[in-house]
Amino acid sequence: MSTVETISETTQSVAALSLRSASEGTKAEQPESYRYAHLLPHFSPAHYPPLVPFEHVDPGSRALKHADPRAFLANASSVVELTPRLGTEVRGVSLAGLDSDGRDQLALEVARRGLMVFRDQGEFIDKGPEAYLEWGRHFGRLHVHPTSGHPKDYPQIHLVYRDANSTFNFEINDSITSTVWHSDVSYELQPPGLTTFFLLSQPTTGGDTLFTSQVSTLKKLSPSFVAFLRTLSAVHSGVEQAEFSRSGKRGGIVRREPVEHVHPLVRRHPVTGDEALYVNKQFTRRIVGLKKEESETILKFLYDHIDRSGDLQARVKWEPGTVVLWDNRVTAHSAIVDYGESKERRHGARITPQAERPIPALEGLELPQ
Ligand SMILES: [Fe+2]
């Protein structure tokens, strides 16, 4: 029996699990009454071939030539910088109404600010999965996650889900903290760029999301140390995430064999030219060419630096209708799982276009093919 068959036999869709659990609850908990029941996580037993490289043209590059690259914010009722270095909160602009030109400008602004928080986006959210795909494809080829749940028939939409009966997030259960800084699926050869995420259902309080600027974490370091970091590359691995699923957790499905890729420690954004630190505790495993202790010491120092730099971070408190966009190339983020006792549902959807293979800040840095 193949591994795939074994996994598929042990897997159920979350929709099925929810039907069973909800039938034991009150009428208000019946899944058919849940507005977004059609977007509940489904773990299909499909098996996907390896991703193939593609050429990415960043939409933000088109906005560079625009006379006013922030014109899409002209009618906003409020534009507030969340912190000096990271994040802008916008009210009064409907993402659902942005044309191609506006989306290009959005991509550039997100690249510059790292993070943008758009409030009152019910129209965008209620457009549904076909519209999510059309939106995401403007920014790049849509990533299909190898292990996560997705709405039935929409594998390009990555879901996070937790309720009183189940959790389908990648979590280390025996850790004292749920904070795990990461850049999404950095193990891919072409990791994501502009990423869109929103909640369909949220707890009354809690479940905020933390973000940090990897441009700023790099800038804090001394020039000579940064010069050394620019000469380095590191292995990013999807193996542990796949093993977590194969152990029966998070839906128990691995639809694409895990990959490892080597990326520069300092990458350059293709549009802004900004240099960003590109390591994360969740997926970076070792620095190429260094002795084990050297690699571990430098990575631990960098992870501690990212952890401690509250002055470089922003925290998004979700409101119904909030849509958040970040540039996965120049930021890192972490979920905050502080709402477990409330037993409330948190259901989120991510649209994840892939971008270019990370460009080394150091020109000519050799990376394996
Ligand atoms: Fe993430």
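Everything below is about the structure printed above this text.
The sections below set out a description of the structure shown in this document.

Here is what the cut-offs are and how they apply
- Residues numbered from 1 in each chain as written.
- Predicted model: local features only at pLDDT ≥ 70, side-chain atom pairs only at ≥ 80, totals over all residues.
- Helix = DSSP H or I, 4+ residues; strand = E, 2+ residues; numbered from the N terminus.
- Buried ≥ 20, exposed ≤ 12 C-beta atoms within 10 Å, placed from the backbone.
- Contact = placed C-beta atoms within 7 Å.
- Pairing = 2+ DSSP bridges.
- Axes fitted to C-alpha atoms, helices over the stretch in contact; angles between N-to-C directions.
- Expected span 1.5 Å × (residues − 1).
- Arc of directions from axis to C-beta.

What follows concerns the overall build of the protein chain. Counting its regular elements, the protein chain contains 10 helices and 16 strands. Out of the 369 residues in the protein chain, the part that is buried amounts to 44%. Once local pairs closer than 6 in sequence are excluded, the contacts in the protein chain between residues at least 24 apart make up 82%.

On the basis of which strands lie adjacent, the open sheet formed by three strands has the order S8-S7-S11 and antiparallel pairing. Each edge of the open sheet is held by one strand with a lone partner, namely strand S8 (260–264) and strand S11 (284–287). For this sheet, the mean angle separating the axes of adjacent strands, direction not counted, is 30°. Here strand S7 (residues 233–237) runs beside S8; their pairing, made up of five bridges, is antiparallel. Across the sheet, residue Val235 finds its bridge partner in S8, namely Val262.

So, about helix H10 (residues 292–308). The end-to-end C-alpha separation of H10 is 24 Å, in line with the 24 Å expected for 17 residues at 1.5 Å each. On its buried side, H10 packs onto strand S6 (209–213), helix H7 (214–219), strand S10 (275–277), S11 and strand S14 (331–335).

As a further point, take the pairing of S7. Judged from the three bridges that link them, S7 and S11 form a sheet pairing that is antiparallel. When the sheet's bridge partners are listed, Ala234 is paired in S11 with Ile287.

Looking now at the sheet that holds strand S5 (residues 194–201). One key point about sheets: their strands pair by backbone hydrogen bonds, in either a parallel or an antiparallel sense. Pairing in this open sheet of seven strands is mixed, and the strands run S1-S2-S3-S13-S5-S15-S4 from one edge to the other. Each edge of the sheet is formed by a strand with only one pairing partner; in this case those strands are strand S1 (78–81) and strand S4 (157–162). For this sheet, the mean angle separating the axes of adjacent strands, direction not counted, is 20°. As paired strands, S5 and strand S13 (residues 323–327) are joined by five bridges and run antiparallel to one another. When the sheet's bridge partners are listed, Thr196 is paired in S13 with Leu325. Contacts from helix H6 (residues 129–137) reach S4, S5 and strand S15 (346–351) within the one sheet, and its direction differs from that of S15 by about 40°.

So, on to unusual backbone geometry. With a phi close to 75°, Asp153 is a non-glycine residue in the positive phi region. Residue position: Asp153 is located in the loop between H6 and S4. Its 10 C-beta neighbours within 10 Å are what place Asp153 among the exposed residues. Positive phi, close to 60°, is recorded for Lys343, a residue that is not glycine. In this structure, Lys343 sits in the loop between S14 and S15.

Let us now look at helix H9 (residues 239–246). Looking only at H9, the buried set comprises Gln241, Ala242 and Ser245. An end-on view of H9 places all buried positions within 100° of arc, on one side of the element. Gly248, located one to two residues past H9, shows a positive phi value of around 105°.

What follows deals with the environment of Leu189. One can find Leu189 in the loop between S4 and S5. Its 20 C-beta neighbours within 10 Å are what place Leu189 among the buried residues. Each C-alpha atom, one on Leu189 and one on Glu260, is 8.1 Å from the other, the two residues being 71 residues apart in sequence.

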